[in-house]
Amino acid sequence: MTKRTAPDTPPRRGARQHRVDSSDRRRSWRRHHASVARGALLRLRQTPVASTMTLAVLAIALALPGFLLTVLTNLQALTAGWDTQPRIALYMQTELSDAAIDRFSRELLLRDDLSGVELISRQKGLEEFSEYSAFSDLLEQLEANPLPAVIMVTPLSDDPVKLPLLKTELAGLSQVSEAVLDMEWVQRLEAVLALAQRGSYVLGGLLALAVLLVVGNTVRMTIESRRDEILVSKLVGATDAWVRRPFLYSGFWFGLLGGVLAWLLVQLALLMLEAPARALAELYLNRFELQGLGLEGSVLMLGASVLLGWVGSWLAVARHLREIEPGEV
Amino acid sequence: MAAIRFSNVFKRYASGQDALLGVNFELASGEMCFLTGHSGAGKSTLLKLIMLMERPSRGQVWVGQQDLSKLHRAQIPLLRRQVGVVFQNHQLLFDRSVFDNVALPLQISGYDPADAARRVRAALDKVGLLDRERHNPVTLSTGEQQRVGIARAIVHKPRLLLADEPTGNLDPELSEDIMRLFGQFNQIGTTVLIASHDHSLINRMHHRVLTLRNGRLIADD
């Protein structure tokens, strides 16, 4: 071992450190974001099959709840036009005179468990029937009006237990030949719709979780494949944020592209539904336009998918980047 | 002013293995020094402590004015930007060109691309590989790869240059070249610490030598 000696020439000065000032740093920060965003997008293209599969899974997972909620919104719009107040139709005995029926309807008005009484006389019933029904020709062949007078009463309470009791009571009146609790099915439909809506929220939640897992797993594999780069970058002074950035952008792109595909899928599905929906609406004499996602829905859908992609990659990055530390080099 | 100071540093790994036992030394700013010892003597551990790739179990490590035990995780990158490191296995990335490998520390520190390009070319010129900037490092010889690693370590003109067995895979002639290169950086004021077990080479260089054995510093001459 040789004796320690001074360097051949004494150092003139410390090697000059290069300073990067803060405006440079901001500019370089923006530059890095732009280049990383572009890089992450190009990286998706480098593995076209894998990326396409991932995007397809994301698109389907995002489109399903979007589609379901759109359909439900439409059904609710369809039923909103209908009077949902439960009513009881009282079919009068046909032998009663118009005057007797009129008197009876006034008596009903005095009851305190009814909030409304509407008399549809035999004549008015006939007019309505011939206006709306395809069988109006048939009526013309009959000599007498076969329709009974109907009194539509609106119960004060819409309690599902009290309504049938009231119906039975009204049916027992001597003037009444039959009482039918009307509009019950609209209420049932509404209950079903509410259930379906809740169901699609649950489904949406589960599928959102699936999106997180799919993005998370894809990003995890990307992290694994770029392990060396992460190690070297950390060794030459990369911050956590710098190392994280490309992966967060991958998640962002997965979310955005998956969301756009999902949007297209929903629009396509709605397009296919439009004709049958219109036919159905016509059957119910209802003026009805099929609603698409609309601007709000579209923004919500894209926003949610971008957010999910980003959060999914965050989860993967938070979990795996800390494990890659240059200790073992 | 000391560039590096170790004060009674112990390092015991989680496995129970003692890598360093009460190491004390000081490296003056602008000094060039070799760190030698048998394989497993603690040379790599000592370098890792300077880079905060590991933390000491006891004792203190100073780099310049900075007590490393006071640096928390988020401050480590800034420390590493002041230090250049050359690894035995050079740690180059084979998915990008020589130029991009050398440019990485500058990108990370946020240099303007034009400025960075100028500095990368200057560094490559220094190690004699300017004509290879567009090549993929995988197409270079081992010696050339090592020189790319050196260019990357000095491209941002660090105050402190560390090297772990930089000539480990090279023939004597190439090794001599590499060492001469380190000497040149030292002459412009960079503090250089080189871990090596190549005694004949070290002896020819006439610099201070720290010798480790089983985690203890047994000679400083």
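Predicted, not measured: the structure shown is a model, and the values here were computed from it.

**What about the overall build of chain A?**
Then comes step 1: Counting secondary structure elements, chain A contains 10 helices and four strands.
Then comes step 2: Burial status across chain A gives 26% buried among its 329 residues.
Then comes step 3: The contacts of chain A with a sequence gap of at least 6 include a subset with a gap of at least 24, amounting to 86%.

**A short note on the overall build of chain B**
Then comes step 1: What chain B contains, in helices and strands, is seven helices and 10 strands.
Then comes step 2: Relative to the compact-globule value of 17 Å for 221 residues, chain B shows a C-alpha radius of gyration of 17 Å, a close match.
Then comes step 3: With respect to the three principal axes, the spread of C-alpha positions in chain B is 45 × 40 × 35 Å.
Then comes step 4: Taking all 221 residues of chain B together, 51% fall into the buried category.

**What to know about the pairing of strand 3 (residues 150-155) of chain A**
Residue and element names in this part refer to chain A.
Then comes step 1: Bridge count for strand 1 (residues 87-92) against strand 3 is four bridges, and the pairing is antiparallel. Paired with Tyr 91 across the bridge in strand 3 is Val 150.
Then comes step 2: Of the strand pairs in this sheet, strand 2 (residues 114-120) and strand 3 are connected by six bridges, and their pairing is antiparallel. Among the inter-strand pairings, Glu 118 is bridged to a residue of strand 3, identified as Met 152.

**Some thoughts on helix 8 (residues 227-235) of chain A**
Then comes step 1: Those residues of helix 8 of chain A that sit buried are Ile230(A), Val232(A), Ser233(A), Lys234(A) and Leu235(A).
Then comes step 2: The inward-facing, buried residues of helix 8 of chain A contact helix 9 (240-283) of chain A together with helix 2 (76-81), strand 6 (83-86) and helix 3 (98-109) of chain B.
Then comes step 3: Just downstream of helix 8 of chain A, Gly237(A) is the residue with a positive phi angle, here 100°.

**Some thoughts on the packing of helix 3 of chain B against helix 4 (residues 113-126) of chain B**
Residues and elements named next belong to chain B.
Then comes step 1: Packing of helix 3 against helix 4 brings their axes to within 9 Å, and their N-to-C directions diverge by 125°. It follows from the interaxial angle that helix 3 and helix 4 lie oblique. The interaxial crossing formed by helix 3 with helix 4 has right-handed handedness. In contact with Phe 99, Val 102, Ala 103, Leu 106 and Gln 107 of helix 3, helix 4 contributes Ala 116, Arg 119, Val 120, Ala 123 and Leu 124.
Then comes step 2: Its residues assigned to classes, the contact of helix 3 with helix 4 shows eight nonpolar, one polar and one charged.

**Some remarks on the domain arrangement of chain A**
Then comes step 1: We note that the domain assignment places domain 1 (31-81 + 188-328) and domain 2 (87-182) within chain A.
Then comes step 2: The gap between the C-alpha centroids of domain 1 of chain A and domain 2 of chain A is 54 Å.

**Side note on the domain arrangement of chain B**
All names here are of chain B.
Then comes step 1: The domain architecture assigned to chain B consists of domain 1 (1-82 + 159-221) and domain 2 (94-157).
Then comes step 2: If you average the C-alpha positions of domain 1 and of domain 2, the two centres end up 23 Å apart.
Then comes step 3: Top contributing element to the side of domain 1 that touches domain 2 by residue count: helix 6 (residues 172-187), with four residues.
Then comes step 4: By residue class, the composition of the side of domain 1 that touches domain 2 is seven nonpolar, one polar and one charged.

**A word on the UniProt feature "domain: ABC transporter" (unreviewed entry) in chain B**
Then comes step 1: Sequence positions flagged by UniProt for "domain: ABC transporter" (unreviewed entry) are, in local numbering, residues 4-221 of chain B.
Then comes step 2: The span residues 4-221 of chain B shows a helical share of 35% and a strand share of 27%, and its end C-alpha atoms are spaced 17 Å apart.

**Some words on the nonpolar core**
Then comes step 1: Among the nonpolar cores identified, the biggest contains 73 residues, and Leu35(B), Ile50(B), Val102(B), Val120(B), Ala151(B) and Leu162(B) are the most heavily contacted of them.
Then comes step 2: For this core, the element with the most residues is helix 3 of chain B, which contributes seven residues.
Then comes step 3: In contact with Val120(B), not counting residues within four places along its chain, are Phe99(B), Val102(B), Ala103(B), Leu106(B) and Val155(B).
Then comes step 4: Counting residues in each nonpolar core, the second largest holds 32 residues, with Val71(A), Phe247(A), Ala262(A) and Leu293(A) among its members.

**Here we look at the sheet that holds strand 1 (residues 2-12) of chain B**
Residue and element names in this part refer to chain B.
Then comes step 1: Taken together, four strands build an open sheet; the order of strands is 2-1-4-5 and the sheet is antiparallel. Each of the sheet's edge strands pairs with one partner strand only, and the pair in question is strand 2 (18-28) and strand 5 (66-67).
Then comes step 2: Pairing between strand 1 and strand 2: seven bridges, direction antiparallel. By the bridge assignment, Lys 11 is partnered in strand 2 with Leu 20.

**Let's talk about helix 3 (residues 98-110) of chain A**
Residues and elements named next belong to chain A.
Then comes step 1: Taking 1.5 Å per residue as the helical rise, helix 3 with its 13 residues ought to reach 18 Å, and the 19 Å between its terminal C-alpha atoms agrees with that figure.
Then comes step 2: Within the span of helix 3, buried status applies to Ile 101, Phe 104 and Ser 105. Seen along its axis, helix 3 keeps its buried residues to an arc of 100°; they face one direction. Exposed side of helix 3, more than 90 degrees from the buried face: Ala 99, Arg 106, Glu 107, Leu 109 and Leu 110 are the residues found there.

Quick notes on the rules
Residues numbered from 1 in each chain as written. Chains lettered and ligands numbered in written order. Predicted model: local features only at pLDDT ≥ 70, side-chain atom pairs only at ≥ 80, totals over all residues. Helix = DSSP H or I, 4+ residues; strand = E, 2+ residues; numbered from the N terminus. Buried ≥ 20, exposed ≤ 12 C-beta atoms within 10 Å, placed from the backbone. Contact = placed C-beta atoms within 7 Å. Rg over C-alpha atoms; globule rule 2.2 N^0.38 Å. Pairing = 2+ DSSP bridges. Axes fitted to C-alpha atoms, helices over the stretch in contact; angles between N-to-C directions. Parallel < 35°, antiparallel > 145°, perpendicular 65-115°, else oblique. Left-handed = near helix turned anticlockwise from the far one by under 90°. Nonpolar A, V, L, I, M, F, W, Y, C, P; charged D, E, K, R; others polar. Domains from an automatic or database assignment. UniProt positions renumbered as here; feature names shortened; annotations may be inferred. Core = buried A, V, L, I, M, F, W, Y, C linked by C-beta atoms within 7 Å. Expected span 1.5 Å × (residues − 1). Arc of directions from axis to C-beta.

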